[in-house]
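Each chain, written out:
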Amino acid sequence: MIGTPEISASVLDFDSATKRLEGVVLKTPLQLNLNLSRRYHCNVYLKREDLQVVRSYKLRGAFNMMSSLPDAELKKGVVCASAGNHAQGFAYSCKKLGIKGVIFMPVITPKQKVNQVRMFGEQHIEIVLTGDTFDDCAATAKEFTLENAMVFIPPFDHDKIIEGQGTVAQEIHEDLQAAGISLDYVFVPVGGGGLAAGVGRYYKTFSPKTKIIGVEPEGAPSMTEALKAGHPVTLANIERFVDGAAVKRIGDKTFSICREVLDGMKLVAEGKVCTTILKLYNEDAIVVEPAGALSIAVLDDYADEIKGKNIVCVVSGSNNDIDRMQEIKERSLQYEGLKHYMLISFAQRPGALKEFVNKVLGPTDDITRFEYMQKTNKENGPALVGVEVQSRQDYHLLVDRMHEYQIRFTELNKNDTLFGYLV
């Protein structure tokens with residue numbers, strides 16, 4: 001286990017949660033993935049929470065908590081703050097229970113997400129757009145909850161939320177047990193920690209030999225840093241690309257459970273996540289959101305350990321806006337070393353660009369972006385150039401030729417400040 005074992009105060013009743021969720025939550029498939037199994041020389045099963053009724057596991061925790069509340073509290077109404085999957089699970093739960101719900105979302109939330117939430121909740125919910133950040137939005141939501149004597153439904157840090165998310169593990173365990181298969185590893189994405197805490201607690205209770213591995217994006221290592229510190233910490237800044245797992249501070253309850261039940265934590269680069277999304281789509285026709293790809297993206301780091309084993313990757317969701325696909329492809333190409341941006345200083349003379357194209361670019365190198373403005377009374381002028389190559393080696397050869405022809409250039413991929421400003 002990670003950290004010092006301690007007795008958690010949480011009492012999680014997974015059987016009762018399963019009964020509450022009957023007829024509301026889909027028992028999602030546990031599928032053996034042949035491509036991944038061949039690649040890693042083991043049996044890789046995918047728990048397809050991306051096929052859940054709201055396209056993520058979040059419905060489990062939200063409905064479990066809300067349906068556990070006394071009728072008197074339910075009648076007052078419930079509140080949540082979310083710009084993503086929790087809001088959708090919350091909205092669907094409000095409709096199922098026939099209660100009033102108020103959902104606070106940041107002003108910058110894409111219209112597509114707002115419409116999705118409204119579709120799941122229909123007339124049972126009210127959406128309030130407020131604040132430029134999630135933290136501002138959440139603070140306003142909690143104030144509103146107190147002022148109106150309603151109940152706040154948190155995204156992860158509550159026993160009933162954790163209990164509901166843990167039913168994912170119960171389904172996995174029952175399916176494999178029925179097939180006579182013992183499970184060696186479960187890989188679980190970590191955002192606020194609700195899913196990891198629920199899955200981990202279930203398995204350490206009913207199959208303690210199964211190893212639980214949590215996976216976070218490199219740009220939002222809230223659980224990783226909490227485990228290092230021995231307590232939850234608030235990160236100053238996070239990369240929000242893997243939005244379903246980008247949390248500044250892990251939950252207190254989720255941390256206390258995860259430090260007991262996790263056998264490992266691993267960070268995955270956002271670019272690696274993007275490559276995994278594209279592979280899943282191209283090879284298996286599986287559409288996942290960035291957080292949903294985390295548990296599969298990490299497998300390269302465990303390739304030796306999982307050989308010959310039975311493993312499960314929890315595919316946590318598929319709420320991916322199609323407008324993001326170009327960014328996902330771009331990040332993947334950069335991570336794989338196939339897409340590069342440079343500032344090149346071209347000599348201001350006729351034929352300089354032609355020389356670059358004919359002599360410096362390789363036969364399969366492709367210019368994907370070119371921005372140049374001629375400077376008056378200057379010998380050289382800068383150009384922003386994007387180049388896509390077919391292999392990492394092709395880029396090294398390109399750089400060698402640029403040195404050979406004494407072309408001055410700056411590699412923007414290696415300079416975060418310039419890259420963010422110019423690209």
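Scroll up to find the structure this text is about.
Residues numbered from 1 in each chain as written. Predicted model: local features only at pLDDT ≥ 70, side-chain atom pairs only at ≥ 80, totals over all residues. Heavy atoms only, no water.

Chemist: Is there a simple way to think about the sheet that holds strand β9 (residues 264-268) in this case?
Modeler: Adjacent strands of a sheet form backbone hydrogen bonds with each other and so pair up, either parallel or antiparallel. Spatially, six strands are ordered β1-β2-β10-β7-β8-β9 in an open sheet, and the strand pairing comes out mixed. This sheet does not close on itself; its edge strands, each paired only once, are β1 (30-32) and β9. Strand-to-strand twist in this sheet, taken as the mean axis angle between neighbours without regard to direction, amounts to 25°. In terms of strand pairing, strand β7 (residues 185-189) meets strand β10 (residues 310-315) through three bridges, oriented parallel. From the neighbouring strand, Y185 faces β10, where its bridge partner is I311. In the packing of helix α11 (residues 222-229) onto the sheet, the strands contacted are β8 (211-217) and β9, and the crossing angle to β9 comes to about 135°. (Pairing = 2+ DSSP bridges. Helix = DSSP H or I, 4+ residues; strand = E, 2+ residues; numbered from the N terminus. Axes fitted to C-alpha atoms, helices over the stretch in contact; angles between N-to-C directions. Contact = heavy atoms within 4.5 Å.)

Chemist: Looking at this model, I keep getting lost on the packing of aromatic side chains. Mind explaining?
Modeler: Geometry of an aromatic ring pair is reported as the spacing of the ring centres plus the angle between the planes. Under the defined criterion, the tally for this structure stands at eleven aromatic pairs. When the centroid spacing of 5.4 Å and the interplanar angle of 90° are considered together, the rings of F346 and F356 count as edge-to-face. Of this pair, F346 sits in strand β11 (residues 339-347) while F356 sits in helix α16 (residues 352-360), placing them ten residues apart in sequence. With respect to burial, F346 and F356 carry one shared label: buried. Through a chain of ring-to-ring contacts, three or more aromatic side chains come together here, namely F14, Y202, Y203 and F206. Between the NZ or CZ atom of R324 and the centre of the ring of F241, over which it lies, the distance is 4.8 Å. (Phe/Tyr/Trp six-rings, centres within 6.5 Å; stacked < 30°, edge-to-face > 60°. Buried < 20%, exposed > 50% of the residue type's maximum accessible area, 1.4 Å probe, protein only. Lys NZ or Arg CZ within 6 Å of the ring centre and 35° of its normal.)

Chemist: What is the right way to look at the nonpolar core in this model?
Modeler: Proteins that are soluble and globular tend to have nonpolar side chains buried together. Counting residues in each nonpolar core, the largest one holds 33 residues, and the members touching the most others are I172, V186, V188, V199, Y203 and M223. When residues of this core are traced back to their parent elements, those giving at least two are α9 (167-178), β7, α10 (194-206), α11, α12 (252-261) and β10. Examining the composition of this core, we find that six residues originate from one element, α10, more than from any other. Discounting residues that sit within four places of it in the chain, V188 has contacts with L195, A196, V199, I212, I213, G214, V215, S295 and V314. Counting residues in each nonpolar core, the second largest holds 32 residues, with L46, C274, I277 and L294 among its members. (Core = buried A, V, L, I, M, F, W, Y, C linked by side-chain atoms within 4.5 Å.)

Chemist: Would you take a moment to explain unusual backbone geometry for this structure?
Modeler: A negative phi angle characterises most non-glycine residues, just as the trans form characterises most peptide bonds. The phi dihedral of H41 is positive, around 55°, even though this residue is not glycine. By secondary structure assignment, the location of H41 is in the loop between α2 (34-40) and β2 (43-48). What makes H41 exposed here is its relative accessible area of 54%. In this structure, Q406 takes a positive phi of about 55° despite not being glycine.

Chemist: Honestly, the sheet that holds strand β5 (residues 125-129) in this entry has me stumped. Any pointers?
Modeler: In spatial order, the strands read β5-β4-β3-β6; together these four strands make up an open sheet with parallel pairing. Because the sheet does not close on itself, it has two edges, and the strands there are β5 and β6 (151-152). One ladder, built from five bridges, connects strand β4 (residues 101-105) with β5; its direction is parallel. Its bridge partner being in β5, V102 is matched across the sheet by E126.

Chemist: Just to check I follow, could you spell out the packing of helix α13 (residues 270-284) against helix α15 (residues 325-335) for this structure?
Modeler: Geometry of a packed helix pair, given as the angle between the helix axes and the separation of the axes. Two numbers describe how α13 lies on α15: the axes approach to 8 Å, and their chain directions differ by 115°. Note on packing geometry: the crossing formed by α13 with α15 is left-handed. Contacts between α13 and α15 involve E270, G271, K272, C274, T275, I277 and L278 from the former and M325, I328, K329, R331, S332 and Y335 from the latter. Classifying every residue of the contact of α13 with α15 gives six nonpolar, three polar and four charged. (Left-handed = near helix turned anticlockwise from the far one by under 90°. Nonpolar A, V, L, I, M, F, W, Y, C, P; charged D, E, K, R; others polar.)

Chemist: I would appreciate a short explanation of the environment of G131 in the present structure.
Modeler: Among the structural elements, G131 can be located in the loop between β5 and α7 (134-147). Ignoring anything within four residues of it in the chain, the contact list for G131 reads P106, V107 and D136.

Chemist: Quick question: what am I supposed to make of α15 here?
Modeler: Count 3.6 residues to each turn of an α-helix, and residues three or four apart come out pointing the same way. I328, E330, S332 and L333 are the residues of α15 that are buried. Buried positions along α15 lie against α13, β11 and β13 (380-388). Following α15 by one or two positions, G337 adopts a phi angle in the positive range, close to 75°.

Chemist: What is the right way to read the pattern of salt bridges from this model?
Modeler: Once the charged atoms of two side chains with opposite charge are near each other, the side chains can pair. Under the counting rule described, the total for this entry stands at 24 salt bridges. Taking the shortest distance from any N to any O, the salt bridge between E163 and K160 comes out at 3.2 Å. In this pair, E163 and K160 both sit in helix α8 (residues 159-165), three residues apart, roughly one turn of the helix. Here E163 falls in the buried class, since its relative accessible area comes to 1%. (Salt bridge = Lys/Arg side-chain N within 4 Å of Asp/Glu carboxyl O.)

Chemist: Teacher, can you tell me more about the state of the cysteines here?
Modeler: Where two cysteines share a covalent bond between their sulfur atoms, that bond is called a disulfide. In this structure the tally under the stated criterion is zero disulfides. C313 supplies the cysteine sulfur nearest to C42, a cysteine that is in no disulfide, at a spacing of 8.3 Å. For C258, which is in no disulfide, the shortest distance to another cysteine sulfur is to C313 and amounts to 17 Å. C258 gets classed as buried once you look at its relative accessible area, which sits at 0%. (Disulfide = S-S within 2.5 Å.)

Chemist: Whenever I open this one, the environment of M223 confuses me. Can you help?
Modeler: Within the element layout of this structure, M223 appears in helix α11. Overall, M223 belongs to the buried group, its relative accessible area being 0%. A sequence separation of 140 residues divides M223 from A83, and the C-alpha atoms of the two residues are 21 Å apart.

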